[in-house]
Amino acid sequence: MLEISVDTLDRALAAERGGAHRVELCSDLPQGGLTPDFDLLRVVREMARLPIFAMIRPRGGDFVYSDAEYAAMEREIGG
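Residues numbered from 1 in each chain as written. Predicted model: local features only at pLDDT ≥ 70, side-chain atom pairs only at ≥ 80, totals over all residues. Heavy atoms only, no water.

Participant: What should I look at first to understand unusual backbone geometry in this one?
Facilitator: When glycine is set aside, most residues are seen to have a negative phi, and most peptide bonds are trans. Its identity is not glycine, yet D28 carries a phi of approximately 50 degrees, on the positive side. As for its position among the elements, D28 is in the loop between β2 (22–25) and α2 (38–47). When its relative accessible area of 35% is taken as the criterion, D28 is described as partly exposed. (Helix = DSSP H or I, 4+ residues; strand = E, 2+ residues; numbered from the N terminus. Buried < 20%, exposed > 50% of the residue type's maximum accessible area, 1.4 Å probe, protein only.)

Below is the structure:
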C-alpha cells in the first residue's frame, strides 16, 4: 500500500498518476501536516479517483493536545 502525503490538487493528481493507492491530504507539510482547507478537500475529491484521507491536526509541534484542541478537531470532522 503506497500512501502519499500531499497538500495541493496537482500533487494529489501526480500521486495518482505515479501509482499511489491513496493520499493523505494535508496543509502546511513543512509543519508535519495540518488539517486541510475544506475547499481543497472538496476539489481533490472531485478530481482524483483514489481514496483520500484528510489529516486532522490543528497545529504543528508535538502530538499532545489540550481538551480545547481535541474539541476543535472533533468539530472539524463533524463529531
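Next comes the rest of the account.
Participant: Any chance you could explain helix α1 (residues 9–17) here in plain terms?
Facilitator: Quick reminder: α-helices carry 3.6 residues per turn. Residues three or four places apart thus point the same way. Those residues of α1 lying buried are A12, L13 and A15. End-on, the buried residues of α1 take up no more than an arc of 155 degrees, which puts them together on one face. α1 presents D10 and R17 as exposed residues on the side facing more than 90 degrees away from its buried surface. Where α1 is buried, its residues meet β1 (3–6), β2 and α2. Positive backbone phi, at 105 degrees, marks G19, one or two positions downstream of α1. (Arc of directions from axis to C-beta. Contact = heavy atoms within 4.5 Å.)

Participant: It is not clear to me how the sheet that holds strand β3 (residues 52–54) should be interpreted in this structure. Could you clarify?
Facilitator: The sheet built from three strands is open, its strands ordered β1-β2-β3 with parallel pairing. Looking at strand neighbours, the two that pair on one side only are β1 and β3, the edges of this open sheet. Here the average twist between neighbouring strands, direction ignored, is 25 degrees. Relative to β3, β2 runs parallel, the two being bridged by three bridges. By the bridge assignment for β3, L25 is matched with A54. (Pairing = 2+ DSSP bridges. Axes fitted to C-alpha atoms, helices over the stretch in contact; angles between N-to-C directions.)

Participant: Explain the pairing of β2 here, please?
Facilitator: Look at any regular strand and the pattern is simple: side chains alternate between the two faces of the sheet. Side chains of β2 alternate between two faces, with V23 and L25 buried and R22 and E24 left unburied. Two strands pair when backbone bridges link them, and β1 and β2 are joined in this way by four bridges, in the parallel orientation. Considered in β2, the bridge of I4 is made with V23. For the segment spanning β1, α1 and β2, crossover handedness is right-handed. (Right-handed = clockwise from strand over helix to strand, strands pointing away.)

Participant: I keep staring at the side chain of D7 and nothing clicks. Help me out?
Facilitator: With respect to the helices and strands, the residue D7 is situated in the loop between β1 and α1. Of note is the side chain of D7, whose polar atom sits 2.6 Å from the side chain of R11. Not counting the four nearest positions on each side in its chain, D7 is found in contact with C26, S27, L29 and L40. (Polar contact = N/O pair within 3.5 Å; in protein donor to acceptor, adjacent residues only side chain to side chain.)

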